[in-house]
Amino acid sequence: MRKVLSAIGVALMIVALVVPGVVLASPATTASRDLPATVVAPGAEFDVGISASGYGMMGQVLETLPAGFSYVSSSLDSSQVQVIGNEVKFVLMGETSFTYAVTAAMVGDTYTFGGIIKDADLNEYTVGGDYLIVVSSIPEPPPEVELEFSGSLAQRQRETLVDIPSGVTELDIILSATADIDLELYDGNIFVIGYRAKISSSRPTTRTYQGDTFAYSGYRGGEEYIRADGPLSRAYTLKIYGRRAGNYTVNVSYLPANPPPIVTINVPATVALGNPVTITVSATDPDGVGFIWFGVYPEEYPEWWPEEALVVVSVCTFADEGNIAFTPGWAGTYTVKAMAWDELGNCTPEAAPETAGFMVE
């Protein structure tokens with residue numbers, strides 16, 4: 001599954017991608033392609049990984065580059081590489097893996113790689129693995145929030161500085177003071193970090209509260225910090241307390257929360273074997289939906305299905321809704337896995353896509 005992202009303003013495009021046919025006579029000969037797990041900027045150079053096995057004493061991998069892409073170099077010796085137009089032939093002499101570098105097209109679009117591997121007897125097999133990549137201008141991330149507070153506190157005076165929203169990342173709070181003044185962090189009325197709080201120490205420590213992990217300098221008396229990678233699971237209130245009267249400066253910075261789009265999958269619960277099934281995936285996001293990807297994965301694969309080809313069918317669209325109708329080839333349980341990206345580049349976590357299932361009976 002690739003993480004892909006659309007360019008803002010690109011016209012609607014839906015691409016249905018079915019795994020290419022594979023020659024099945026010799027399953028011992030295999031090759032697989034690994035493409036970058038991020039969007040590729042127009043004209044950017046990136047590496048493509050190839051792994052191969054079972055080809056015998058000598059083999060060949062013939063890669064067909066998408067239109068507008070250019071070959072740059074390879075980890076193989078130059079004598080093992082031949083470039084003819086958009087086709088690149090790599091001669092293998094025992095290697096089980098290699099990489100090659102290409103530059104992307106200058107036009108934002110969805111592109112497809114193709115390739116075959118030839119064994120020592122010149123039998124041909126399709127290169128499996130990744131084959132889809134999106135070229136797009138990479139949007140700027142949300143701007144970092146930077147705040148500064150300064151003033152003076154009387155002894156035993158407590159002052160509220162700012163509320164820190166939930167979901168923020170890269171939180172960094174730094175206190176500089178002329179006297180013994182402490183940082184304090186609250187979850188509502190719960191004293192979370194500070195002197196005699198739930199997280200309290202006279203020395204630097206890293207502790208967790210309700211799933212949020214904080215690095216805390218300890219109550220050092222005038223020079224303190226609180227940091228968290230986030231995203232924070234809840235909002236917090238930042239305060240300072242004057243154990244002694246003095247002046248202070250507090251700098252606060254963080255990246256604001258940007259949740260991924262909300263993804264909805266519509267698919268029937270059961271489908272009769274031999275009948276088509278229609279799957280629709282939609283997404284919503286206040287920043288606008290930039291891209292949707294979804295694929296269909298069966299719980300069990302027939303023996304003849306190529307090991308490297310996991311997805312049965314997949315769809316990519318630059319719209320806020322995509323759909324496909326296809327006829328499952330065998331009975332069993334199928335899972336639809338879907339991801340979406342907003343126009344700021346935030347996406348559904350690849351490790352936790354939205355899912356829905358259906359049965360073919």
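Presented here is a report on the structure given in the accompanying data block.

What counts, and at which threshold
Residues numbered from 1 in each chain as written. Predicted model: local features only at pLDDT ≥ 70, side-chain atom pairs only at ≥ 80, totals over all residues. Heavy atoms only, no water. Phe/Tyr/Trp six-rings, centres within 6.5 Å; stacked < 30°, edge-to-face > 60°. Helix = DSSP H or I, 4+ residues; strand = E, 2+ residues; numbered from the N terminus. Buried < 20%, exposed > 50% of the residue type's maximum accessible area, 1.4 Å probe, protein only. Lys NZ or Arg CZ within 6 Å of the ring centre and 35° of its normal. Pairing = 2+ DSSP bridges.

1. Focus: the packing of aromatic side chains
Following the criterion strictly, the structure yields 15 aromatic pairs and no others. Considering the side-chain rings of Phe46 and Phe69, the 6.2 Å spacing of their centres and the 85 degrees angle between planes classify their relative orientation as edge-to-face. Pair noted here: Phe46 is in strand 3 (residues 45-53) and Phe69 is in the loop between strand 4 (59-64) and strand 5 (70-74), with a separation of 23 residues, a long-range link. Centre to centre, the rings of Tyr209 and Tyr236 are 6.3 Å apart; their planes meet at 65 degrees, and the pair counts as edge-to-face. Remark: Tyr236 occurs in strand 22 (residues 236-242) and Tyr209 occurs in strand 19 (residues 205-209); sequence separation between them is 27 residues. Accessibility classification places Tyr209 together with Tyr236 in one group, the buried group. Joined through ring pairs, the aromatic side chains of Phe46, Phe69, Tyr111 and Phe113 make up one cluster. The cationic tip of Lys239 hangs over the ring face of Tyr186; the distance from NZ or CZ to the ring centre is 4.3 Å.

2. What about the pairing of strand 17 (residues 181-187)?
Side-chain positions along a regular strand alternate between the two faces of the sheet. Among the seven residues of strand 17, seven are classified as buried, and the element is accordingly described as predominantly covered. Because side chains alternate across strand 17, one face comprises the buried residues Ile181, Leu183, Leu185 and Asp187, and the other comprises Asp182, Glu184 and Tyr186, equally buried. As judged from the six bridges shared by strand 17 and strand 22, these two strands associate in the antiparallel manner. Pairing of Leu183 across the sheet is with Ile240, part of strand 22. Sheet analysis places strand 17 next to strand 18 (residues 190-193), joined by three bridges and oriented antiparallel. Across the sheet, the residue bridging to Asp187 is Ile190, located in strand 18.

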